[in-house]
Amino acid sequence: METVNGTNRVTRQNVKTETDSRLKEGITLHLSQWNGLQMAVQNQWGGHDSIQKFHQLAADILSWFSQSNAPLDVEDLETLLHERMLLSFNTEIEDGSIEEVAEQLMILHEDYLRGNH
């Protein structure tokens, strides 16, 4: 919130920052419920900095949602998740959970765009 002449105003930037923060919290919550990712983090399959890699994944997903000018495609998000799991955690996920998580994240993002948060 911005103060102008002693009056509090909500600026577009403040709303965007708050919305981005809430979206990142939602992304982090969804990722924290993903068993494959949680196993990788808890067992440090990504090394001693696995928890940081978890948080970086959430930030990367937020960035992907925020910076794309083209329509978002769930398959692109699936690819991002697959690559990050493989490169960051040396983990190949083949149980269908990547597709489920990608779909849940797309729904979350659409809800935020509609103001349902």
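Description of the structure in this document.

Basis of the calculations
- Residues numbered from 1 in each chain as written.
- Predicted model: local features only at pLDDT ≥ 70, side-chain atom pairs only at ≥ 80, totals over all residues.
- Heavy atoms only, no water.
- Helix = DSSP H or I, 4+ residues; strand = E, 2+ residues; numbered from the N terminus.
- Buried < 20%, exposed > 50% of the residue type's maximum accessible area, 1.4 Å probe, protein only.
- Contact = heavy atoms within 4.5 Å.
- Expected span 1.5 Å × (residues − 1).
- Salt bridge = Lys/Arg side-chain N within 4 Å of Asp/Glu carboxyl O.

### As for the overall build of the chain
Scanning the chain from terminus to terminus reveals 5 helices and 2 strands. Ordered by position from the N terminus, the helices and strands of the chain form the series β-β-α-α-α-α-α. For the chain, the residues scored as buried account for 32% of the 117 residues in total. Relative to all contacts within the chain whose residues are 6 or more apart in sequence, the contacts with residues 24 or more apart total 62%.

### Some words on the environment of I51
Inspection of the secondary structure assignment puts I51 in helix 3 (residues 50-67). Overall, the relative accessible area of 42% leaves I51 in the partly exposed class. Once the C-alpha coordinates of I51 and A40 are considered, the two residues, 11 residues apart in sequence, prove to be 9.5 Å apart.

### Things to note about helix 3
Between its terminal C-alpha atoms helix 3 stretches 25 Å, which fits the 26 Å expected from 18 residues at 1.5 Å a residue. Of all the residues in helix 3, the buried ones are S50, F54, L57, A58, D60, I61, L62, W64 and F65.

### Examining the pattern of salt bridges
Inspection of the entire model under this criterion finds 3 salt bridges. With a closest N to O distance of 3.8 Å, K53 and D49 form a salt bridge. By relative accessible area, K53 is classed as partly exposed at 25%. D49 sits in the partly exposed class, given a relative accessible area of 27%. For D111, the salt bridge identified is with R114, shortest N-O distance 3.8 Å. Judged by relative accessible area, which is 27%, D111 ranks as partly exposed.

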